[in-house]
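Descriptive structure summary
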Amino acid sequence: MRLVTYRRAGAVRHGYLPDDDATSGVDAGRLIELGDGDLVRLLETVFPVVPERLPAAAGEFRLADVELLAPLPRPGKLLAAAANYQDHITETGGEPLDKSRLSPRLFLKPSTSVIGPGAAVELPAESNEVDWEAELAVVIGRRVKRVSVADALGAVAGYMNANDLSARSVEYGFERDTDDKAVWFFDWLAGKWFDGFAPLGPWLVTADEVGDPQNLAVDLKLNGSSRQHGSTKDMIFTVAELVSHASRLMTLEPGDVILTGTPSGVGAATGEYLKSGDELAVSIGQLGTLITPVA
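Described in the following lines is the structure provided in the data block. (Residues numbered from 1 in each chain as written. Predicted model: local features only at pLDDT ≥ 70, side-chain atom pairs only at ≥ 80, totals over all residues. Heavy atoms only, no water.)

Here we take up a negative patch on the surface. Taken together, the side chains of Asp19, Glu52, Asp208 and Glu209 make up a negatively charged region of the molecular surface. Here Asp19 is to be found in the loop between strand E2 (11-17) and strand E3 (30-36). The exposure class of Asp19 is exposed, given its relative accessible area of 56%. (Patch = residues over 30% accessible without salt bridge, like charges linked within 9 Å, V, L, I, M, F, W, Y side chains within 5 Å. Areas by Shrake-Rupley, 256 points an atom, 1.4 Å probe, with all protein chains shown as cover. Salt bridge = Lys/Arg side-chain N within 4 Å of Asp/Glu carboxyl O. Lys, Arg positive; Asp, Glu negative; His and termini not counted. Charge placed at Lys NZ, Arg CZ, Asp CG, Glu CD. Helix = DSSP H or I, 4+ residues; strand = E, 2+ residues; numbered from the N terminus. Buried < 20%, exposed > 50% of the residue type's maximum accessible area, 1.4 Å probe, protein only.)

Structure (structure tokens):
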């Protein structure tokens with residue numbers, strides 16, 4: 001199923017797109033409303049999310065008559081994996097990583113970085129080097145702590161497209177010691193935090209329909225031209241390993257989101273960065289296409 005969060009009649013609601021509706025666009029088709037609030041409301045009460053477990057429909061509406069929002073507009077936790085594709089590491093000058101001597105490199109992005117499909121991202125005044133990173137997003141469906149790798153996918157409600165936008169440089173208007181490794185690290189981290197730097201959507205596809213999350217094409221186009229083309233099979237740490245590791249560090253809850261890293265093709269590799277008027281399109285497997293204009 002394709003689950004959606006949207007605004008209708010001034011209120012946030014959630015529902016799903018019928019399987020017999022062949023459209024994949026956001027300007028056509030219909031949706032079945034399930035209730036008020038975003039998809040967290042559903043995930044907290046229904047897991048696994050399969051048709052026979054859904055609450056009774058509360059109405060049917062044209063998709064064109066509602067405003068699609070991010071499936072999880074304000075996730076309780078938005079985690080992201082850094083350096084999880086070898087080709088992305090090497091394209092930006094890094095050495096290949098030996099997985100046997102590593103743990104996943106997880107960091108947090110603020111919920112205020114989340115925007116939905118079609119929402120424009122504003123380029124911050126603090127950086128003129130804003131980059132793109134197409135990523136598979138994993139949505140947690142049940143509360144887990146220290147879940148094993150073997151059982152980790154059993155905690156996943158579904159998947160969606162994500163774009164981990166990143167400011168590759170940050171300037172605050174005064175001179176700093178940029179040779180300090182701590183300064184570099186915190187600039188890198190702060191570059192992930194700006195408002196709108198985590199577009200998600202256009203919908204959440206349930207885990208049963210996606211199947212193997214390690215067999216999905218990852219594509220990003222900038223103004224219609226291909227920039228990233230990879231596959232989740234090339235992740236250093238799999239979805240199951242990322243979920244399991246995260247659950248060792250914190251309790252994962254319904255609606256939490258994990259971004260799983262990006263393949264090669266980012267702007268930093270060529271010195272090409274986003275500018276006003278650009279448009280990004282992320283497509284992963286059968287998850288639809290996430291469009292993000294740049295204001």
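Now that the structure is up, let's keep going.
Turning to the sheet that holds strand E15 (residues 225-231), a few remarks are in order. The pairing of strands in a sheet happens through backbone hydrogen bonds and is either parallel or antiparallel. With antiparallel pairing, four strands are arranged side by side in an open sheet as E15-E14-E17-E18. Strands at the two margins of the open sheet, each flanked by one partner only, are E15 and strand E18 (289-293). Averaged over all pairs of adjacent strands, the angle between strand axes in this sheet comes to 15°, irrespective of strand direction. Of the pairings in the sheet, the one linking strand E14 (residues 217-222) to strand E17 (residues 279-284) comprises five bridges and is antiparallel in character. Residue pairing in the sheet places Val218 in a bridge with Ile284 of E17. (Pairing = 2+ DSSP bridges. Axes fitted to C-alpha atoms, helices over the stretch in contact; angles between N-to-C directions.)

A full pass over the atoms with the stated rule returns five aromatic pairs. A centroid spacing of 6.5 Å and a plane angle of 25° characterise the contact between Tyr172 and Phe174, whose relative ring orientation is stacked. For Tyr172, a relative accessible area of 44% puts it in the partly exposed group. Counting every residue linked through ring pairs, the aromatic cluster contains Phe107, Phe185, Phe186 and Trp188. Its end group placed over the ring of Trp203, Arg2 keeps NZ or CZ at 5.2 Å from the ring centre. When the ring centre of Phe61 is taken as reference, the NZ or CZ atom of Arg8 above it lies at 4.0 Å. (Phe/Tyr/Trp six-rings, centres within 6.5 Å; stacked < 30°, edge-to-face > 60°. Lys NZ or Arg CZ within 6 Å of the ring centre and 35° of its normal.)

We now examine the side chain of Ser247. Of note, Ser247 is situated in helix H6 (residues 239-249). Its relative accessible area of 0% is what places Ser247 among the buried residues. Dropping the residues within four chain positions of it, Ser247 is found in contact with Val144, Lys145, Arg146, Val147 and Leu252. (Contact = heavy atoms within 4.5 Å.)

Across soluble globular proteins, you tend to see nonpolar side chains buried next to one another. Membership of the largest hydrophobic core comes to 48 residues, with the highest contact counts inside it found for Leu136, Tyr159, Val243, Leu252, Ile258 and Leu274. Among the secondary structure elements, those contributing two or more residues to this core are strand E1 (2-8), strand E10 (134-140), strand E11 (156-163), strand E13 (198-206), E14, H6 and E17. Ignoring sequence-local partners within four residues, the contact set of Val243 consists of Val138, Ile140, Val147, Ala152, Val156, Leu252 and Ile258. Counting 28 residues, the second largest nonpolar core, distinct from the first, contains Val46, Ala82, Leu189 and Leu200. (Core = buried A, V, L, I, M, F, W, Y, C linked by side-chain atoms within 4.5 Å.)

With that out of the way, let us pick up a nonpolar patch on the surface. A surface patch of nonpolar side chains, amounting to about 370 Å² of accessible area, comprises Trp184, Phe185 and Phe186. Looking at where Phe185 falls in the secondary structure, it is placed in helix H4 (residues 181-190).

One number sums up the size of the largest pocket: a volume of about 830 Å³. Along the wall of the largest pocket there are 34 residues; nearest its centre are Thr92, Arg168, Trp184, Trp188 and Lys192. Of all the secondary structure elements, the ones that give two or more residues to the lining of the largest pocket are strand E6 (78-82), helix H2 (86-91), strand E7 (105-108) and H4. For the lining of the largest pocket, a count of residues per class yields 15 nonpolar, eight polar and 11 charged. (1 Å grid on protein atoms, 1.4 Å probe; cavity = no way out; pocket = protein on both sides within 12 Å on 5 of 7 lines; lining within 4 Å. Points joined across faces, edges and corners; volume = space filled by probe spheres on them. Nonpolar A, V, L, I, M, F, W, Y, C, P; charged D, E, K, R; others polar.)

All right, on to H6 then. The buried count for H6 comes to eight of 11 residues, which makes it a mostly enclosed element. Restricting attention to buried positions, one finds in H6 the residues Val239, Ala240, Leu242, Val243, Ser244, His245, Ala246 and Ser247. Structurally, H6 contributes buried residues whose contacts are with E6, E7, E10, helix H3 (149-152), E11 and strand E16 (257-259).

Inspection of the secondary structure assignment puts Ser244 in helix H6. Sequence-distant contacts of Ser244, defined by excluding residues within four places in its chain, comprise Val147, Ser148, Val149 and Ala152.

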